[in-house]
Amino acid sequence: MAVWRRWVLPILLVIVFGAIAAALVKMAFFPDTATASADPGGQIAEPVVPVVRQSVIDELTLEGTIARDEAVTVRSEIDGTVSEVKVAPGQTVTAGQVLMTIKQSYPVKTIDVLAPEAGEVTAVAVVKGQATSIGGEIATLSPARYHVQSTIEPVQLYRLLNAPTEGEVTIQGGPAPFACTGLSVQVSEEGTTSITCAVPADQTVFAGLRTELSIQVATVDDALVVPVTAVRGGAGTGLVWVDAGTGDPLEEREVGLGVSDGTVVEVVSGLTEGEQVRQFVPGLAAPNEPVCYDDGMGGQFCEDPGWSW
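Thresholds applied
Residues numbered from 1 in each chain as written. Predicted model: local features only at pLDDT ≥ 70, side-chain atom pairs only at ≥ 80, totals over all residues. Heavy atoms only, no water. Helix = DSSP H or I, 4+ residues; strand = E, 2+ residues; numbered from the N terminus. Buried < 20%, exposed > 50% of the residue type's maximum accessible area, 1.4 Å probe, protein only. Contact = heavy atoms within 4.5 Å. Pairing = 2+ DSSP bridges. Salt bridge = Lys/Arg side-chain N within 4 Å of Asp/Glu carboxyl O. Patch = residues over 30% accessible without salt bridge, like charges linked within 9 Å, V, L, I, M, F, W, Y side chains within 5 Å. Areas by Shrake-Rupley, 256 points an atom, 1.4 Å probe, with all protein chains shown as cover. Lys, Arg positive; Asp, Glu negative; His and termini not counted. Charge placed at Lys NZ, Arg CZ, Asp CG, Glu CD. pLDDT = per-residue confidence, 0-100. Polar contact = N/O pair within 3.5 Å; in protein donor to acceptor, adjacent residues only side chain to side chain. Disulfide = S-S within 2.5 Å.

Undergrad: What is the right way to look at the overall build of the chain in this model?
TA: Secondary structure summary: the chain contains two helices and 22 strands in total. Classification of the 309 residues of the chain by burial places 28% in the buried group. Nonlocal contacts in the chain, meaning residues at least 24 apart in sequence, comprise 64% of its contacts between residues at least 6 apart.

If you want it as structure tokens, here you go:
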């Protein structure tokens, strides 16, 4: 018994722990190359989508504000002297209301200067007894007319080439949505591009109100479409990459483009229904989706989104 405890058991323990240590060393530094070899045929699949038919509604929605129309300058129509001023800055007037009276010396006559439209007098440029001349500024009137002004990125003007002349305005907490007319593009001295349209006279609005302007540019039924991510370009023409399904390299093809809703775009020439196109143009990966491929060991390895091909 003493021999067992003193010699046999220690020797057995040394042998067991030695075998375990040898196994760990092999696993760490000498892996099984037969199972770890990579498959040279593993490739990144290029996702493709078919050309399909569907309706496309191109509606542009812009944030904006209500603003008062530009001030109107009231000018003298005769040479004479101001005999009476009947309004003051800040006063609200109606269309046709008398603003002041001017007396002409020769031939002698007196005329009343009338407000061209309703609004607020913002400035009076003359005083009683002051001489005036034809075309001289005598008052400034801020009209009781309003418009919607929405800032737009210049590139979006392509979408408005064939746009209608009116849009729909929504004011949060205000009246029901209403139509505004006379859509036009304005470019400020600072280079800011905006869209404006006139608020109907029967709508009660106030300067500074926040708005949402919706412009339905176009609607196409039964159109050939592809995802906008499949097209390089967008204003009338673009490029897509067509997969013939034969394993050959993808064909770069020019296409004619029509209406887009921001997700899909109408193809007016260059493709037929059912053809397969690359879902993302070269240089773009699927947003927020990892790209996976065979790791050669029976599994997959996935790259995080955001990398480019």
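On we go.
Undergrad: For this particular structure, what's the right way to read the sheet that holds strand β8 (residues 119-124)?
TA: Note on sheets: strands pair through backbone hydrogen bonds, and any given pair is parallel or antiparallel. Here four strands make up an open sheet; going across it, the order is β3-β10-β8-β5 and the pairing antiparallel. Of all strands in the sheet, those with a lone pairing partner are β3 (72-75) and β5 (92-93), marking the two edges. Where β5 and β8 come together, two bridges link them in antiparallel fashion. Residue Val93 lies in a different strand from β8, and its bridge partner there is Gly119.

Undergrad: Whenever I open this one, the pattern of salt bridges confuses me. Can you help?
TA: Pairs can form between side chains of opposite charge whenever their charged atoms are close. Taken as a whole, this structure holds six salt bridges when the rule is applied. The partner of Arg53 in a salt bridge is Asp222, with the nearest N and O atoms 3.9 Å apart. Of this pair, Arg53 sits in strand β2 (residues 52-68) while Asp222 sits in strand β15 (residues 210-227), and the two are 169 residues apart along the sequence. Relative accessible area serves as the criterion here: at 39%, Arg53 is assigned to the partly exposed category. In this structure, Arg253 engages Glu251 in a salt bridge whose closest nitrogen and oxygen atoms are separated by 2.9 Å.

Undergrad: I would appreciate a short explanation of a negative patch on the surface in the present structure.
TA: Taken together, Glu59, Glu63, Glu168 and Glu212 make up a surface patch of like negative charges. Using a relative accessible area of 33% as the deciding quantity, one classes Glu212 as partly exposed.

Undergrad: Looking at this structure, how should I read the confidence of the model for the chain?
TA: Should the pLDDT be low somewhere, the predicted coordinates at that spot are not to be read in detail. Per-residue confidence for the chain averages 81 on the pLDDT scale, and 78% of its residues sit at or above 70. Segment residues 304-309 is flagged for pLDDT under 50; beyond a separation of four residues in sequence, or across chains, it makes 15 contacts in the model.

Undergrad: Help me out: how do you make sense of the environment of Gly135 in this one?
TA: With respect to the helices and strands, Gly135 occurs in the loop between β9 (131-132) and β10 (137-143). Spatially, the C-alpha atom of Gly135 lies 8.9 Å from that of Val74, the residues being 61 residues apart in sequence. Dropping the residues within four chain positions of it, Gly135 is found in contact with Arg75 and Ser76.

Undergrad: Before we go on, may I ask you to explain the pairing of strand β13 (residues 178-187) in this structure?
TA: For a regular strand, side-chain orientation follows a simple rule: the groups alternate between the two sheet faces. By the bridge criterion, four bridges tie strand β12 (residues 166-170) to β13 in an arrangement that is antiparallel. Counterpart to Val169 in the pairing with β13 is Phe178. Pairing analysis gives five bridges linking β13 to strand β14 (residues 193-198), with the strands arranged antiparallel. In the strand pairing of β14, Ser184 is matched with Thr196. Counted between consecutive antiparallel strands, the loop separating β13 from β14 contains five residues, among which Gly191 sits at a positive phi close to 95°.

Undergrad: What is the right way to look at unusual backbone geometry in this model?
TA: The general pattern is negative phi for most residues beyond glycine and trans for most peptide bonds. The linkage connecting Tyr106 with the following residue, Pro107, adopts the cis geometry, with an omega of -15°. By secondary structure assignment, the location of Pro107 is in the loop between β6 (98-104) and β7 (109-114). Of note in this structure, Asp222 is not a glycine but carries a positive phi near 55°.

Undergrad: Before we go on, may I ask you to explain the side chain of Asp69 in this structure?
TA: Relative to the elements of secondary structure, Asp69 occurs in the loop between β2 and β3. For Asp69, the side chain forms a polar contact with the side chain of His147, separated by 2.7 Å. Every residue in contact with Asp69, bar those within four places of it in the chain, is listed here: Pro143, Arg145, Tyr146 and His147.

Undergrad: So what exactly am I meant to see when it comes to the state of the cysteines here?
TA: Simply put, disulfide is the name for a covalent bond between the sulfur atoms of two cysteines. All told, the structure shown has one disulfide when counted by the stated rule. Bridging Cys180 to Cys197, the disulfide has an S-S length of 1.9 Å. On the sign convention where negative means left-handed, the S-S torsion of about -75° between Cys180 and Cys197 marks this disulfide as left-handed. Of the two residues, Cys180 sits in strand β13 while Cys197 sits in strand β14, which places them 17 residues apart along the sequence. Taking the relative accessible area as the measure of exposure, Cys180 reaches 0% and is therefore buried.

Undergrad: Looking at this structure, how should I read the side chain of Ser142?
TA: For Ser142, the position within the fold is in strand β10. When near neighbours in sequence (up to four residues on either side) are disregarded, Ser142 contacts Arg68, Ala71, Gly119, Glu120 and Thr122.

Undergrad: Mind showing me how you'd approach the sheet that holds β6 here?
TA: Overall, antiparallel pairing links the four strands, which are arranged β7-β6-β4-β9 in an open sheet. The sheet terminates laterally at β7 and β9, the two strands that pair on one side only. In this sheet, β9 lies alongside strand β4 (residues 80-85) in antiparallel orientation, the contact comprising two bridges. Among the inter-strand pairings, Thr81 is bridged to a residue of β9, identified as Ala131.

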